[in-house]
Structures are given as C-alpha cells and as structure tokens.
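# Tertiary structure, described
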Amino acid sequence: MNSMPGGLEMARECEKSGAFDSAVKSSPQGRLTVTTVDFVAELAKRNWHLSLRDANKWIENNICTFMDISTNEGEERTFVLFNLN
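Note that this is a predicted model, so its numbers are computed, not measured. (Residues numbered from 1 in each chain as written. Predicted model: local features only at pLDDT ≥ 70, side-chain atom pairs only at ≥ 80, totals over all residues. Heavy atoms only, no water.)

### Some remarks on the sheet that holds strand S2 (residues 32-35)
With antiparallel pairing, four strands are arranged side by side in an open sheet as S1-S2-S4-S3. Of all the strands in the sheet, the pair left with one neighbour each is strand S1 (25-26) and strand S3 (66-68). Here S1 runs beside S2; their pairing, made up of two bridges, is antiparallel. Looking at the pairing, Lys25 lines up with Thr33 of S2. Across the sheet, helix H3 (residues 36-45) lies against S1, S2 and strand S4 (78-81), angled at about 70° from S2, the strand it touches most. (Pairing = 2+ DSSP bridges. Helix = DSSP H or I, 4+ residues; strand = E, 2+ residues; numbered from the N terminus. Contact = heavy atoms within 4.5 Å. Axes fitted to C-alpha atoms, helices over the stretch in contact; angles between N-to-C directions.)

### A word on the environment of Ala19
By the secondary structure assignment, Ala19 is in helix H2 (residues 14-23). Not counting residues up to four positions away in its chain, the partners in contact with Ala19 are Phe39, Glu42, Leu43 and Arg46.

### Quick word on the packing of aromatic side chains
For the coordinates displayed, the defined rule picks out four aromatic pairs. Aromatic side chains Phe20 and Trp58 sit 6.4 Å apart centroid to centroid with 45° between the ring planes, which places their arrangement in the tilted category. In this pair, Phe20 is assigned in helix H2 and Trp58 in helix H4 (residues 52-62), connecting sequence segments 38 residues apart. Here Phe20 falls in the buried class, since its relative accessible area comes to 3%. Given a relative accessible area of 9%, Trp58 falls into the buried group. Each ring, one from Phe39 and one from Trp58, has its centre 5.3 Å from the other, and the planes form 35°; the classification is tilted. Of this pair, Phe39 sits in helix H3 while Trp58 sits in helix H4; the two residues are 19 residues apart in sequence, bridging distant segments of the chain. Note on accessibility: Phe39 and Trp58 belong to one class, buried. Connected via pairs of aromatic rings, a cluster forms that spans Phe20, Phe39, Trp58 and Phe66. (Phe/Tyr/Trp six-rings, centres within 6.5 Å; stacked < 30°, edge-to-face > 60°. Buried < 20%, exposed > 50% of the residue type's maximum accessible area, 1.4 Å probe, protein only.)

Coordinates in, geometry out; function isn't part of it.
Put into structure tokens, the structure is as follows:
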C-alpha cells in the first residue's frame, strides 16, 4: 500500500488513471482492450504496486466504460471498451 503524508497520496491517485490509459491496446478486431497484467505493469512504472486482485477492484470501481470479457477464471482478466448506445 502506498501511504504518503500530507495528501500526496491523493495527488498521486491520478497516476492510476494514466497507467490505465497507457495499458489500453487495440486488439486485432479493432476493439480497445486492457488486461489486468498490463495495467499492473504500467502501475509499477509509476511506483504503484497493486496485486492483480486490487487492480481489478480499481478498474471495476473507477472505469465505467470497460467491461470484463475474460474467458478464464482468476485475476488475470481482460476488459474491453463498450459502446453505451
């Protein structure tokens, strides 16, 4: 867990959104996807160290435009951008 004094943790929270954006890839079908593994790797580049489980929880709680399309059980999940229309 990243605990920082003086509200710095809140200031760094936006880095998670940036890490998510950097983890998004275009699939061969042209869909935008992100895997939990790629997201965690991007977080690590920003000195955030989340488990796959915690990363999935963050995605579920903070990203409403991607849905889980994982075909296997477990924490290594895949999310895809979906159209609300």
